[in-house]
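Chain by chain, the residues run as shown.
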Amino acid sequence: MSSAQVINLTLPALSGGWSAEKDFKAVGKLSAATQRNLEPVGPHFLAHARRSRHKRTFSEDERIQAQQSVKKTEDDEDDDISEDEDPMMLQRDAKDWKSQDHYAVLGLSKYRWRASPEQIKRAHRKKVLRHHPDKKAALGDRDENDSFFKCIQKATEMLLDPVKRRQFDSVDEAADVEPPTKKEVQKGNFYKLWAPVFRAEGRFSKNQPVPELGDDNSTFEEVDSFYNFWYNFDSWRTFEYLDEDVPDDNENRDQKRHVEKKNANARRKRKTEDTARLRHLVDDCAAMDERIKKFRKAARADKDKKRLEKEAEAKRLVEEKEKARLEEEQRKKDAEEAAKADREKAKKAKEAAKNAAKKNKRVLKGSVKDVNYFAESGEPSAAQVDSVLTDVDAIISKIDNEELAALAERLTAVGKDSAAVKNVYTEEFKRLVGAGKAKDGEAKFFA
Amino acid sequence: MSDGTTGAGERFAIGISFGNSSSSIARINPEGKPEVIANEEGDRQIPSVLSYIGGEQYHGSQAKAQLIRNSKNTVAYFRDYIGKNFKSIDPTPCHSSAHPIQSDSTVAFSISDTDSEAPNTVTVSEITTRHLRRLKQSATDYLGKEVNAAVITVPTDFTDAQREALTTAAKEAGLEVLQLIHEPVAAALAYDARPEAVVADKLIVVADLGGTRSDAAVIASRGGMYTILATAHDYELGGATLDKIVIDHFAKEFIKKHKTDPRENERGLAKLKSEGEATRKALSLGTNATLSIESLADGIDYGSTINRTRYELLSNKVFAQFTGLIEQVVKKADLDILDIDEVIFSGGTSHTPKIALLARSIFPETTKIWAPSTETTAINPSELSARGAAIQASLIQEFDTEDIEQSIHPMVTATPHLSKAIGVEFTSGDAVEFKPLLSTETALPARRVAQYNVPAEGGDVLIRVCEGVRDIKVTKPEPKPKEDKPEDDEDDSDFDSDEEEEETREIVWKTESPIAELAVKGVKAKGKVELMVHINADLGLQITAREVGGQSAVRGAVESP
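Quantities reported herein were computed from a predicted structural model and do not represent experimental measurements.

Within chain B, the regular secondary structure consists of eleven helices and 28 strands. Excluding contacts between residues fewer than 6 apart, the proportion of contacts in chain B whose partners are at least 24 apart in sequence is 66%.

Spatially, S19(B)-S18(B)-S13(B)-S14(B)-S15(B)-S3(A)-S20(B) is the arrangement adopted by the seven strands of the open sheet, whose pairing is mixed. Every other strand in the sheet has two partners, leaving strand S19 (368-370) and strand S20 (414-417) of chain B as the edge strands with one partner each. Within this sheet the neighbouring strands show an average axis-to-axis angle of 35 degrees, counted without direction. In terms of strand pairing, strand S18 (residues 342-346) of chain B meets S19 of chain B through three bridges, oriented parallel. Bridging across to S19 of chain B, Ile 344 of chain B finds its partner in Trp 370 of chain B. Running over the sheet, helix H4 (residues 183-192) of chain B touches strand S3 (34-39) of chain A together with strand S13 (202-209), strand S14 (214-222), strand S15 (225-234), S18 and S19 of chain B and is turned about 120 degrees from S13 of chain B.

Attention shifts here to the interface of chain A and chain B. Taken residue by residue, the interface counts 45 residues in chain A and 67 residues in chain B. The leading source of residues in the side of chain A that touches chain B is helix H1 (residues 43-54) of chain A, at eight residues. A per-class count over the side of chain A that touches chain B returns 25 nonpolar, 13 polar and seven charged.

This part takes up the sheet that holds strand S8 (residues 100-103) of chain B. All names here are of chain B. Taken together, three strands build an open sheet; the order of strands is S8-S9-S10 and the sheet is antiparallel. Either end of the sheet is taken by a strand with one partner, and the two such strands are S8 and strand S10 (120-123). On average, each strand axis in the sheet is tilted by 50 degrees relative to the strand beside it, whichever way the strands run. Where S8 lies against strand S9 (residues 106-111), four bridges are found, and the strand directions are antiparallel. Across the sheet, Pro 100 pairs through a bridge with Phe 109, a residue of S9.

Here we come to the pairing of strand S11 (residues 149-154) of chain B. Residue and element names in this part refer to chain B. Buried residues dominate S11, accounting for six of its six residues. Where burial is concerned, the two faces of S11 agree: the one with Ala 149, Val 151 and Thr 153 and the one with Ala 150, Ile 152 and Val 154 are both buried. When strand S1 (residues 13-18) meets S11, the two strands line up parallel, connected through five bridges. Bridge assignment links Ile 16 to a residue of S11, and that residue is Ile 152. Taken together, the six bridges between S11 and strand S12 (residues 176-182) define a ladder with parallel strand orientation. Its bridge partner being in S12, Ile 152 is matched across the sheet by Leu 180. The parallel pair S11 and S12, bridged by helix H3 (residues 160-172), forms a crossover whose chirality is right-handed.

Moving on to the confidence of the model for chain B. All names here are of chain B. On average, residues of chain B carry a pLDDT of 87, and 94% of them reach 70 or more. This stretch, residues 1-8, has a pLDDT under 50; its non-local contacts, to residues over four places away or in other chains, come to 15 contacts. Note on the complex model: pTM 0.64, ipTM 0.82.

About the thresholds
- Residues numbered from 1 in each chain as written.
- Chains lettered and ligands numbered in written order.
- Predicted model: local features only at pLDDT ≥ 70, side-chain atom pairs only at ≥ 80, totals over all residues.
- Helix = DSSP H or I, 4+ residues; strand = E, 2+ residues; numbered from the N terminus.
- Contact = placed C-beta atoms within 7 Å.
- Pairing = 2+ DSSP bridges.
- Axes fitted to C-alpha atoms, helices over the stretch in contact; angles between N-to-C directions.
- Nonpolar A, V, L, I, M, F, W, Y, C, P; charged D, E, K, R; others polar.
- Buried ≥ 20, exposed ≤ 12 C-beta atoms within 10 Å, placed from the backbone.
- Right-handed = clockwise from strand over helix to strand, strands pointing away.
- pLDDT = per-residue confidence, 0-100.

This is the structure we're talking about:
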């Protein structure tokens, strides 16, 4: 809000008694402000935000904004066409337009095929302002030579027509970049030297954008697609511009046809040559490209590695199988041996137990015999012997081997004392009855 | 501004007004003017409705038509549900479309949006994303260039959670939300961005009368910057309320003839609603409107007409509610009807002529009522917020995201505002007059420049910079005008107190306290004196006065309190 509002009210005249230093007197202060939220919308708010963020005052902000807008227009004015004009070029004859460098005429030689139609229009306007014949006349230049003005018009006509511009661009040698030699590449940076070559060649491509050459870190896919693109290059380059002038109709018709045929042949020949040249160029580049070697080496290494791995794997499998088989055999053998030993041991123990039992039985029977079958005196009666032996047999049949051994031991301990022996037997029988192995009354003598 | 097509990171922004009933998309055309874009069906107000049949999605008016036959799979009026939990929403508007259901902490709709019959639960954010995606597609198709950013308008009562949810939903739809701006401010911006508009200090009431709800806001526009002073909302008042009147009118007529109530039948009600709305809209333009519905109830075709007088008679009460909302918001801002310089009618229902005419009768002659029926140059009220959003989008689309964030940061937006007007006091003889230079509620820092006349003979003049307050002077029509009588309760509805002669009320400024005095000496006859007042954020003042065309200036500063 820098513009002043005009208020149609009359200020009062200064009364006599009023005086102040520097004609200013602060009388009061403002009342307290209310804090509110501004709506962050609209151009005036954005100006406010700019001021408060950059801590600018109103006048500072206005000045900075004004400067920025001024700078912008200036930049627009002198961006492209500030090239010096070659005095030789100014002397050019407009009739010789085929050999003229249209871009140089318009002062666009640093842009060339990159110049946009907009730039060309602006450049044309600038040149016209400077070289218009009327201007020259006004300056008092009497020579009436407007040939350079015609050059400008011709150049603009060529460059603003897309078809004609392509024809000129096709043969615009100044835009070509010479491919580096092998020696240069060995000394310098491969990518820096080759990239501009491909960028310049890429202008003829029907398929845009053209892939970049890349650098050392490009992946295999990038490099592959780059060379594929260039080996399958689809070019719009034509060579009409170099055609010989076809004679007018009213001259010899045969002559005209002859020239046309010659032109067509020349075009075809140039096109073939160009394709071959490009192919050769890409071949050269690929031959010098370290990345291709690197990838090939990597691929080979990769293959080798894979093969070795496969072999190692196979070997390992065979070994594992053999080992497993051996282990299995060993395990079987061990098991067999252990079983055999077990069997023998069991047999021996059984026999020993059998022998011990036999011996103990003999002790039992011997013990009753030793005490004379508990007869008081003389020969025991057959019946008594029989009953005692029956009882002993019954006990023997009722008790197991360990108890038999214990009984035999006790009997051996008591010796030939008849009563004690009988007592031992009676006790044993009682124990058997107690354990439920014998029934009361089964033994007659030891009951 | 004209050709701001390529911004930071190829940003291409549009303005979106996203409403409960309808949405609009707008852009700045190459001539630098905002322009609302029509979608592929030619609608500029695209109904915010999505409908699904057999896995196919319908949008806009096609979807709205589905409310009759396929209401279960048609989602409408979902804007207000974004970012809210189920408990706090009002499901009434969705009665005749897909009903909102609870899903975790948010609201969702159960619709069969795929080929299969089984219904899916689709959250309101997802619905919003789909809606915005369609809007984006329409804009992209129209402009032939991928739209990837937008400024979206939201009501003033949108919570942070709702803003967050809307931003996320937009991002899902492939739209970077550059900024969310308030609807009333967007409307004010749309008017202020007209080439003929001048930047002036003014108080604006924006009445946003929508389909299902109405909002009003008082905005102080100071040097082109906006501050919302008060807002009022009525969530049950809107175009639908007026539709209801039209529907009831026709339903009664139908009952009289055919003895059945078409409103009892769900489909009949839907048909009445859709046609009734069209009829009501037609009444805003013409004085007569027809309604014809095939097979309304029991297979009976129905056709009838209604004229505007009838409609206005029936809707009188509702119209009074609209104006009541406007008066309420003015009162809420502690202001008087006389303080309001402009009333902007926004939203589809603002087309209704009677509402604007009622407002016209409430406000004084000097107040501009921006509605199609009162002002021929008024902008289409339905397009205001979208236009405002588009203007804002064009202003900020070239900024970095960081820049935008910093600019809308509370550090920048929360500013002190003047509580009292600052102006110059003029004494001629006994009469003392105060002329404000900076109005109340001017955001600080601020700077104003003004030129004043000097006495005819020139010489030395005194400038007294003062704080002033405004009073409402009520003059009774008696022969002897009374003394100034400040009136505190200014809300009495004086527009229907017609029995006695109307009293005249006007604004009078009074000097409250002097701030500074300056003397400009030796001014030429018929000269002018220019005064510049600059107020810092800390309430310090710098005052400069000089004769226009003169060399020397009188400068001084008043310390902050």
